[in-house]
Amino acid sequence: MDAGVGLRAKPGAWAGLGNPRRSSTARVPVRFAVEKFARPLVLGSDRRSCGAKLKVSCSRKSAGIDKTYYSADEALVLKQKAEDVVPYLNDRCIYLVGMMGSGKTTVGKILAEVLGYSFFDSDKLVEKAVGISSVAEIFQLHSEAFFRDNESEVLRDLSSMHRLVVATGGGAVIRPINWSYMKKGSTIWLDVPLDALARRIAAVGTASRPLLHQESGDPYAKAYAKLTALFEQRMDSYANADARVSLEHIAVKQGHNDVTTLTPSAIAIEVFFPWSNLMY
Ligand SMILES: Nc1ncnc2c1ncn2[C@@H]1O[C@H](COP(=O)(O)OP(=O)(O)O)[C@@H](O)[C@H]1O
Ligand SMILES: O=C(O)C1=C[C@@H](OP(=O)(O)O)[C@@H](O)[C@H](O)C1
């Protein structure tokens, strides 16, 4: 088992039992806009960097869906690992859990692309469901409990579907009912050091994360303090995940002393390790 990843194998889940190619016939609830991605990975022409850049863009032309760049090596490894893992996933959904800023959305989009799965960000689905454009506004106009109730309904609906990668909100793990939904799929905890989380969130601003937002003071210091308090409350919940991907362990394994060197695609490759280890 890779140093960076621990997996609690589920009986029968990885043994490839049943027909691995069962087509997904789950009804897609009309209110979910499914993000389909272009495929296959397109080899870019840029050879100035240490390898040709692969540009992967989404076929859906909605605003704001960013493009993902891989190195050619990473793209080939990702494609191979995805091909190896798909039969064992057995069309089950992958739920990414982890603190705010851990990369659930960024890494989740990569996983969906290489797996040929659909990607959902549960926060976005809650915003669509309640007709309010941001999580922060939902907290402000209603309450956190109202948000959490809708978050649970979204996870319940998603749990009836197949072949999805779901980026959950950082607090989804605090409600046991949410685990009952997510456990129908495979849950992966992206475990990122609090310092890196605080730096990432300070870089984009805390306004989008109401539990961290404050009007004054050093954004990094305030974010770090609040993330530390939240993590203390939640770490046991995150540990319920089927697999933990520790960026600290990955960095050590790769000879780095800082997780900021780990690209989203390098992390996505590590997400595939638990399944690979169980296949041979
Ligand atoms: N491996 C990474 N290295 C550097 N920045 C990252 C990495 N993964 C995500 N980020 C950045 O961190 C911020 C939060 O990422 P996001 O995927 O939205 O996290 P989450 O969905 O867990 O809240 C974004 O600005 C994103 O670009
Ligand atoms: O940790 C949390 O309680 C939350 C995390 C957020 O999602 P991200 O993890 O995508 O930031 C969002 O669901 C809301 O602000 C609450």
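Computed from a predicted model, the values in this text were never measured in an experiment. (Residues numbered from 1 in each chain as written. Chains lettered and ligands numbered in written order. Predicted model: local features only at pLDDT ≥ 70, side-chain atom pairs only at ≥ 80, totals over all residues. Heavy atoms only, no water.)

Caption draft 1: Highlighting the site of ligand 1. What surrounds ligand 1 is a group of 15 residues, the closest being Gly101, Lys104, Thr105, Thr106 and Arg209. Here Arg200 contributes a side-chain N or O atom positioned 3.4 Å from a nitrogen atom of ligand 1. Within the side chain of Arg209, a nitrogen or oxygen atom sits 2.8 Å from an oxygen atom of ligand 1. In isolation ligand 1 offers 560 Å² of accessible surface; the protein chains occlude 72% of this area. Looking at the shell around ligand 1, the elements that each hand over two or more residues are α2 (104-115), α7 (194-204) and α10 (264-271). With three residues, the top contributor of residues to the shell around ligand 1 is α2. Each residue belonging to the shell around ligand 1 can be placed in one class, and the counts come to six nonpolar, six polar and three charged. (Near = heavy atom within 4 Å. Polar contact = N/O pair within 3.5 Å; in protein donor to acceptor, adjacent residues only side chain to side chain. Areas by Shrake-Rupley, 256 points an atom, 1.4 Å probe, with all protein chains shown as cover. Helix = DSSP H or I, 4+ residues; strand = E, 2+ residues; numbered from the N terminus. Nonpolar A, V, L, I, M, F, W, Y, C, P; charged D, E, K, R; others polar.)

Caption draft 2: Up close: the packing of helix α1 (residues 72-89) against α10. Closest axis-to-axis distance for the α1/α10 pair is 10 Å, and the angle between their directions is 25°. Relative to α10, α1 is oriented roughly parallel. Here α1 and α10 pass one another in a crossing that is left-handed. For the pair α1 and α10, contact is made by Glu74, Val77, Leu78 and Lys81 and by Ser265, Ala266, Ala268 and Ile269, respectively. Here the contact of α1 with α10 is built from residues that sort into five nonpolar, one polar and two charged. (Axes fitted to C-alpha atoms, helices over the stretch in contact; angles between N-to-C directions. Parallel < 35°, antiparallel > 145°, perpendicular 65-115°, else oblique. Left-handed = near helix turned anticlockwise from the far one by under 90°. Contact = heavy atoms within 4.5 Å.)

Caption draft 3: Here's a closer look at the packing of α1 against α2. Remark: α1 packs on α2, axes separated minimally by 9 Å, with the N-to-C direction vectors making an angle of 80°. In terms of their interaxial angle, α1 and α2 are classed as roughly perpendicular. Facing α1, whose interface residues are Leu78, Ala82, Val86 and Leu89, α2 presents Ile110, Val114 and Leu115. Here the contact of α1 with α2 is built from residues that sort into seven nonpolar, no polar and no charged.

Caption draft 4: Structural detail: helix α3 (residues 122-130). Buried residues of α3: Ser122, Leu125, Val126 and Glu127, and no others. Turning to α3, the residues buried within the fold contact β6 (118-121), α4 (135-141), α5 (144-158) and β7 (164-167). Where α3 starts, the residue carrying a side-chain oxygen 2.9 Å from the main-chain nitrogen of Asp123 turns out to be Asp121. Gly131 occupies a position one or two residues after α3 and carries a positive phi of about 70°. (Buried < 20%, exposed > 50% of the residue type's maximum accessible area, 1.4 Å probe, protein only.)

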